[in-house]
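# Observations on chain architecture
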Amino acid sequence: QVQLVESGGGLVQPGGSLRLSCAASGVTFSSYAMSWYRQATGKERELVATITRAGAIINYPDSVKGRFTISRDNAKSTVYLQMNSLRPEDTAVYYCKGRHWTSGYEYWGQGTQVTVSS
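Turning next to the overall build of the protein chain. Assigned secondary structure in the protein chain consists of zero helices and eleven strands. Each helix and strand of the protein chain, ordered N terminal to C terminal, gives the series β-β-β-β-β-β-β-β-β-β-β. Compactness check: the protein chain gives a C-alpha radius of gyration of 14 Å against a globular reference of 13 Å for 118 residues, within 12% of the reference. Its C-alpha atoms give the protein chain principal-axis dimensions of roughly 40 × 25 × 25 Å. Put simply, the protein chain has 118 residues, and 40% of those count as buried. Long-range pairs, those at least 24 residues apart, make up 54% of the contacts in the protein chain between residues at least 6 apart in sequence. Surface summary for the protein chain: the accessible area is close to 6,200 Å², and the carbon and sulfur share equals 47%.

Another aspect to go through is the nonpolar core. One finds Trp 36, Val 79, Leu 81, Met 83 and Tyr 94 to be the most contacted residues of the largest nonpolar core, which totals 25 residues. Mapped onto this core, the elements with two or more residues apiece are β3 (18-25), β4 (32-39), β5 (46-51), β7 (68-73), β8 (78-83), β9 (92-100) and β11 (112-116). For this core, the leading source of residues is β3, giving four residues. Not counting the four nearest positions on each side in its chain, Met 83 is found in contact with Gly 16, Ser 17, Leu 18, Leu 20, Arg 67, Phe 68, Tyr 94 and Val 114.

With that out of the way, let us pick up the environment of Gly 26. Inspection of the secondary structure puts Gly 26 in the loop between β3 and β4. In the structure, Gly 26 is positioned 24 residues away from Val 2 in sequence and 4.4 Å away in space, judged by C-alpha atoms. Once you skip the residues sitting within four places of it in the chain, Gly 26 turns out to touch Gln 1 and Val 2.

Throughout the structure, instances matching the rule amount to one disulfide. Bridging Cys 22 to Cys 96, the disulfide has an S-S length of 1.9 Å. Its S-S torsion of about 45° marks the bond between Cys 22 and Cys 96 as right-handed, since a negative value means left-handed. Taken as a pair, Cys 22 in strand β3 and Cys 96 in strand β9 lie far apart in primary sequence, 74 residues in all.

The next point concerns the pattern of salt bridges. It is possible for side chains of opposite charge to pair when their charged atoms get near one another. In this structure the tally under the stated criterion is six salt bridges. For Lys 65, the salt bridge identified is with Asp 62, shortest N-O distance 3.2 Å. One salt bridge connects Arg 67 with Asp 90, and the closest N-O pair in it is separated by 2.8 Å. Of this pair, Arg 67 sits in the loop between β6 (57-59) and β7 while Asp 90 sits in the loop between β8 and β9, and the two are 23 residues apart along the sequence. Exposure class is identical for Arg 67 and Asp 90. Each is buried.

Rules used in this analysis
Residues numbered from 1 in each chain as written. Predicted model: local features only at pLDDT ≥ 70, side-chain atom pairs only at ≥ 80, totals over all residues. Heavy atoms only, no water. Helix = DSSP H or I, 4+ residues; strand = E, 2+ residues; numbered from the N terminus. Rg over C-alpha atoms; globule rule 2.2 N^0.38 Å. Buried < 20%, exposed > 50% of the residue type's maximum accessible area, 1.4 Å probe, protein only. Contact = heavy atoms within 4.5 Å. Areas by Shrake-Rupley, 256 points an atom, 1.4 Å probe, with all protein chains shown as cover. Core = buried A, V, L, I, M, F, W, Y, C linked by side-chain atoms within 4.5 Å. Disulfide = S-S within 2.5 Å. Salt bridge = Lys/Arg side-chain N within 4 Å of Asp/Glu carboxyl O.

Geometry only, nothing functional implied.
What follows is the structure, given as structure tokens:
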């Protein structure tokens, strides 16, 4: 059974930091490009960052560049999202997604809530 389980969300003050984790099971983790998305209430889900199987990083959108960093540990089958200098507009449910490098099949986690508020 394939599972992606996010953790690390919570309530943080503006300017604070959080590190999200997404642990995968039931898949060959190194065969998947991994991404983080977020969805704020009333808005469409948006891509935040992608890390390829080889570890190359593709970041979106401009609003998180320089503040968010995606990384992966294939030995732990885990992808991370380090979020610094958080802003109220970063408030959203954050989801991880895995995409198989040949089949294109995708798996999604259940999401973790991040709330940035004083």
